[in-house]
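Results of the structural survey
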Amino acid sequence: MAGLLITLPGATTAGAAENVVRTDQSVPRSCFAALLPKNTAGTDRRELTSTVDGLVQARLAPSSDTRQEGDWDIAVFDKDTGAVVAASAALRTHEMAESFVKKGQKLVLQACRYAGPARTAVLGVDFLALSPQGTPTGTPAAAQKAQMVRVQTPAKQDKDRLLGLGLDVTEKGDATSLDVVVANDTDRKTLADSGFKSSVVTADLSAKSVENAKTDKAYAATTASSVLPSGRTSYRHLYDYEYEIKELARKNPGLVSAFTLPYPTWEGRDVVGIEIATDVANVKDGKPVDFTMGVHHAREWPAGEHAMEWAYELTNGYRKDPAIRGLVGKTRNIVVPIVNPDGFEISREAEPKGDFSRFDYEMKRKNCNVADSPAAFATGVCKANPGGRERGTDPNRNYAGFWGGGGASTVWRNDTFRGAGPFSEPETQNVRSIVSARQVTNLITLHTFSNLVLRVPGVAAVRPPLDEPAYKALGDKMASRNGYVSEPSWALYDTTGSTEDWSYWATGGWGFTFEIGNVEFHPPFQTGVVAEYAGLAPAAGAGKGGNRQGFLDMLANAADPAAHSTLIGSAPKGYELKLHKTFQTPTSPVLQPDGSTKPPIYVTDQLDSKLTTTGGRFAWSVNPSTRPYVAGRYGRDPQGPAQPGVAVANPAGFPAVNTNYPVDQTSESFTFHVDGLPKVDNGKFSVDVAWASPDTDWDLYVYDAAGNLVTSSANGGTTSEHATLFDPPAGDYKAVMVNYAQADPAKQDDWTGGVSFASPIPPTYGPKEAYQLTCTSPRGQLVGVADVYADRGQTVDVGEVCTRSARANKERNAR
Ligand code: 0X9
Ligand code: ZN
């Protein structure tokens, strides 16, 4: 096989004894901050010379003879310059430091015993050769230019068709366009062949990235400390996140704890999180949980930064800010800044060392799963492999919620590849483990970019939940702080298998996706992180509080009993209450590569959360017992009939071909009137026009009386356009028809059309679901059982469930 990588077994550190690092003392310090003198307490070291142009991988594992592994970290330094080459600082002794090295480069591996009883750890080092260009041996691939282009997608169906092309479509868009990353000539051809109109936004993403790196360097060099809670002035590395998390916990005992999530990544990395609460160790205290996470997507660096700053905000604020102290006192706060560390590590370390012009690792989005890649692309480590950045599963298409439907790809190399099955990935399993075991009443998953606060549903065909008004109000409130647009995520285009489209429908906990910033996946630190977080120019949240205030609103909502449900009762001290629910979450009908569908998959979900009684009254903040999926759908009862349709006469004359609307206003138009209450109640209007030849292209734009564009439709390659406005205000409207192309200039292919109206859809209601509540005595005996129904905002008294369970149930049911 013409592999990209040559593993040199001989390069592994020689001799078994050599492989064991040892020190008698543990010292909590950064292993990567500096190469310490030989024999410094708490450290051990090895010197090596790179045998390859390629990668070095240095790993630490616990020694088999230690019962408690403790916490060892590792860093690799360039011996000549003392610069850190790679590092790893997770919470246990499962470390992997990996980076690019040159043949003959002298390296020093520094192992540091941060904490714990283990005097030794096992070191493993590999050198992996890369061919000079970082390409497979043989003919190097041609250099490629990555660009950002703006594709004209005037109607929702255009956006969905564009998604179907398998290109790297961003969330950046508006009524008439979407921005797309064109990574190479193959993508450029796909786009050209599709017939979509497009224009270049960023001509050379690699050059832009080099420029941003310079901007960041200058900012860090001239700024002692930023206004961020941590004061940071530059993007963190993965090891910075790991180290800062454990330092926050070490320096704030009782308030902050650090934890390792249950599923290591495909490359074997630990995923780390942080929890902040008064008496933080007592996770069974019944407080509502606010969960903030970042970096499902590797290249979206600000997402991790904002999550980490939020952890500092709460930790610092608890000591300094009475308002934050009050909120933290009523809640528990979980932060997982980097959900996808494998991907992040590659993106973060790629530039300028990686070969951006060929493999574009800095723009990697997905995780490092290779199991679904064809054999020819399944070799090599994630940082250097024949599939480049394209291997892996999109963690934000892998949750069970509507998994397998539209807006996700079945193709291994596409950026929205959904994975082999719902929850097939460690990243989604980790998030699921937290959401299933804790009462996560509030969840924000951070992404970049497009200035959006998104809520469910991710799919247009799934009607909004009964909670829609309260859900929208919370999103709108946060958007008023960061200046983003608050909308259901289907409004831009359909997505399936995303985080909150599982978490919300399975648990009822509010879930939002933030798309931070208006440009680029990782813009300069000062704009993408400092300004967006603190609400400073040029961020849209300038002067409004920024994401900081948005996160605080979310926390205040978590602390508000009206926003979730509460169980109250009384029990003796030391009993354990458990709330249990189990159900099957159906995926979408599963789209197949050939376009057919197979039946939905039923994923068994189990929610189990616990409360330890302290004696006397207890109050337990929980999500509603009925899943939103079951509770029903939001809608509106018609207050009158819908308006009758309006036939439209094509105006006299025929406008000249115009491919430059709205700069060139050449067009024709017709007006129509929309009535309102009490006469009619319109749930929507649709303007439909059609013509004969698919080579003719009419485009349709609809304006209200004030001249605002309210809806439009401008496809290519079709014989019709269809523009819709939901809940249209009464008034006069103008439809503008632009003649974009004629099949035969000698023969006018004119349009015909009309306007139709439909009634609003009334709400629907489903059955109510219960939680199973049980109480176990300190001796482990089951002493109480109850069925508990709790609506949002409701407080339910479960009485003396541990001592008089049968009586308490009867009394409760009699009420
Ligand atoms: O596509 C995504 O996963 C998110 N956009 S990004 O550019 N950060 O990749 C948006 C997901 C929006 N959909 C839902 N949250 N349902
Ligand atoms: Zn994202």
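Residues numbered from 1 in each chain as written. Chains lettered and ligands numbered in written order. Predicted model: local features only at pLDDT ≥ 70, side-chain atom pairs only at ≥ 80, totals over all residues. Heavy atoms only, no water.

**Notes on the overall build of the chain**
Across its full length, the chain carries 14 helices and 38 strands. Taken over C-alpha atoms, the radius of gyration comes to 29 Å for the chain, in line with the 28 Å a tight globule of 815 residues would show. Each principal axis of the C-alpha distribution contributes one length, and for the chain these read about 90 × 80 × 50 Å. Taking all 815 residues of the chain together, the buried fraction comes to 57%. Considering only intrachain contacts with a sequence separation of at least 6, the fraction spanning at least 24 residues in the chain is 77%. Carbon and sulfur atoms make up 54% of the accessible area of the chain, which amounts to about 31,100 Å² in all. (Helix = DSSP H or I, 4+ residues; strand = E, 2+ residues; numbered from the N terminus. Rg over C-alpha atoms; globule rule 2.2 N^0.38 Å. Buried < 20%, exposed > 50% of the residue type's maximum accessible area, 1.4 Å probe, protein only. Contact = heavy atoms within 4.5 Å. Areas by Shrake-Rupley, 256 points an atom, 1.4 Å probe, with all protein chains shown as cover.)

**What about the packing of aromatic side chains?**
For the structure on display, the rule yields 32 aromatic pairs. A centroid spacing of 4.6 Å and a plane angle of 35° characterise the contact between Tyr661 and Tyr701, whose relative ring orientation is tilted. One end of the pair, Tyr661, is in the loop between β27 (646-648) and β28 (668-674); the other, Tyr701, is in strand β30 (residues 697-704), and 40 residues separate them in sequence. This pair shows no difference in class: Tyr661 is buried, exactly as Tyr701 is. Ring geometry for Phe685 versus Phe757: centroids 6.4 Å apart, planes at 70°, classification edge-to-face. (Phe/Tyr/Trp six-rings, centres within 6.5 Å; stacked < 30°, edge-to-face > 60°.)

**Topic: the site of ligand 1**
Contacts to ligand 1 come from 17 residues, most closely from Arg365, Asn396, Arg397, Glu500 and Glu515. Here an oxygen atom of ligand 1 and a side-chain polar atom of His297 are 3.2 Å apart. Contacts to ligand 1 include Thr495, whose side-chain N or O atom sits 2.9 Å from a nitrogen atom. In isolation ligand 1 has 420 Å² of accessible area, and contact with the protein removes 99% of it. When atoms are counted within 2 Å of each cavity's grid points, the one that captures over half of ligand 1 is the largest cavity. Elements represented by at least two residues in the shell around ligand 1 include exactly β18 (440-448), α10 (499-507) and β21 (510-516). Here the residues of the shell around ligand 1 sort into 1 nonpolar, 9 polar and 7 charged. (Near = heavy atom within 4 Å. Polar contact = N/O pair within 3.5 Å; in protein donor to acceptor, adjacent residues only side chain to side chain. 1 Å grid on protein atoms, 1.4 Å probe; cavity = no way out; pocket = protein on both sides within 12 Å on 5 of 7 lines; lining within 4 Å. Sits in = over half its atoms within 2 Å of the grid points. Nonpolar A, V, L, I, M, F, W, Y, C, P; charged D, E, K, R; others polar.)

**What about the domain arrangement of the chain?**
One can read the domain layout of the chain as domain 1 (13-130), domain 2 (147-203), domain 3 (212-564), domain 4 (569-614 + 770-814) and domain 5 (646-762). For domain 1 and domain 2, the distance between their C-alpha centroids amounts to 45 Å. (Domains from an automatic or database assignment.)

**Re the nonpolar core**
Looking at soluble globular proteins, one finds that nonpolar side chains tend to be buried together. By size, the foremost hydrophobic cluster in this structure holds 59 residues, and its most contacted members are Trp310, Leu446, Met478, Trp510, Phe512 and Phe514. In contact with Trp310, other than residues within four places in its own chain, are Asp290, Thr292, Val335, Tyr533, Arg548, Phe551, Leu552 and Leu555. Within the second largest apolar cluster, 22 residues are counted, among which are Ala58, Val101, Ala118 and Ala121. (Core = buried A, V, L, I, M, F, W, Y, C linked by side-chain atoms within 4.5 Å.)

**Remarks on the coordination of the zinc ion (ligand 2)**
Here the zinc ion (ligand 2) is held by the protein donor atoms His297 (ND1), Glu300 (OE), Glu300 (OE) and His447 (ND1), which lie 2.0 to 2.3 Å from it. Expressed as a motif, the donor residue spacing for the zinc ion (ligand 2) is H-x2-E-x146-H. On the criterion of sequence distance, the pair formed by His297 in the loop between β16 (289-294) and α5 (301-320) and His447 in strand β18 is long-range, its members being 150 residues apart. In this structure, His297 and His447 share a single accessibility class: buried. (Donors = N, O, S within 2.8 Å, 3.2 Å for Na, K, Ca; no water.)

**Re the state of the cysteines**
With the rule as written, the count across this model stands at 3 disulfides. The residue that forms a disulfide with Cys368 is Cys382, at a sulfur-sulfur distance of 2.0 Å. Taking the sign of the torsion about the S-S bond as the criterion, the disulfide between Cys368 and Cys382, at about -85°, is left-handed. With Cys368 in the loop between α7 (341-350) and α8 (426-437) and Cys382 in the loop between α7 and α8, this pair connects stretches of sequence that are 14 residues apart. Overall, the relative accessible area of 6% leaves Cys368 in the buried class. Assessed through its relative accessible area of 3%, Cys382 is described here as buried. Sulfur-sulfur distance for the disulfide between Cys775 and Cys802 comes to 2.1 Å. Around the S-S axis, the bridge from Cys775 to Cys802 shows a dihedral of about 100° and counts as right-handed. (Disulfide = S-S within 2.5 Å.)

**Quick notes on the sheet that holds β16**
The sheet built from 8 strands is open, its strands ordered β14-β15-β17-β16-β18-β21-β19-β20 with mixed pairing. Every other strand in the sheet has two partners, leaving β14 (256-260) and β20 (485-488) as the edge strands with one partner each. Taking the axes of each pair of neighbouring strands and ignoring which way they run, one obtains an average angle of 20° across the sheet. Note: β14 against strand β15 (residues 272-276), 5 bridges, orientation antiparallel. Bridging from a neighbouring strand, Thr260 pairs with Val272 of β15. Packed on one face of the sheet, α5 meets β14, β15, β16, β17 (332-336), β18 and β21 and runs near 145° to β16. Contacts from α10 reach β16, β18, β19 (452-455) and β21 within the one sheet, and its direction differs from that of β18 by about 170°. (Pairing = 2+ DSSP bridges. Axes fitted to C-alpha atoms, helices over the stretch in contact; angles between N-to-C directions.)

**Description of the pattern of salt bridges**
Note on pairing: side chains with opposite charge can pair once their charged atoms come close. If you walk through the whole model with that rule in mind, you get 53 salt bridges. Note that Arg46 and Asp44 form a salt bridge whose closest N and O atoms lie 3.4 Å from each other. The exposure classification of Arg46 matches that of Asp44, with both residues buried. The salt bridge involving Lys768 is made with Asp791; its shortest N-O contact spans 2.6 Å. Residue Lys768 is located in the loop between β35 (764-765) and β36 (771-776), and its partner Asp791 is located in the loop between β37 (782-788) and β38 (795-797); the two are separated by 23 residues in the primary sequence. (Salt bridge = Lys/Arg side-chain N within 4 Å of Asp/Glu carboxyl O.)

**A short note on the sheet that holds β27**
The strand order across the open sheet built from 4 strands is β27-β34-β29-β32, with neighbouring strands paired in antiparallel fashion. Of all strands in the sheet, those with a lone pairing partner are β27 and β32 (720-726), marking the two edges. The sheet shows a mean angle of 15° between the axes of neighbouring strands, taken without regard to direction. Looking at chain direction, strand β29 (residues 684-690) and strand β34 (residues 752-758) are connected through 7 bridges and run antiparallel. Within the sheet, the bridge partner assigned to Ser686 lies in β34 and is Ser756.

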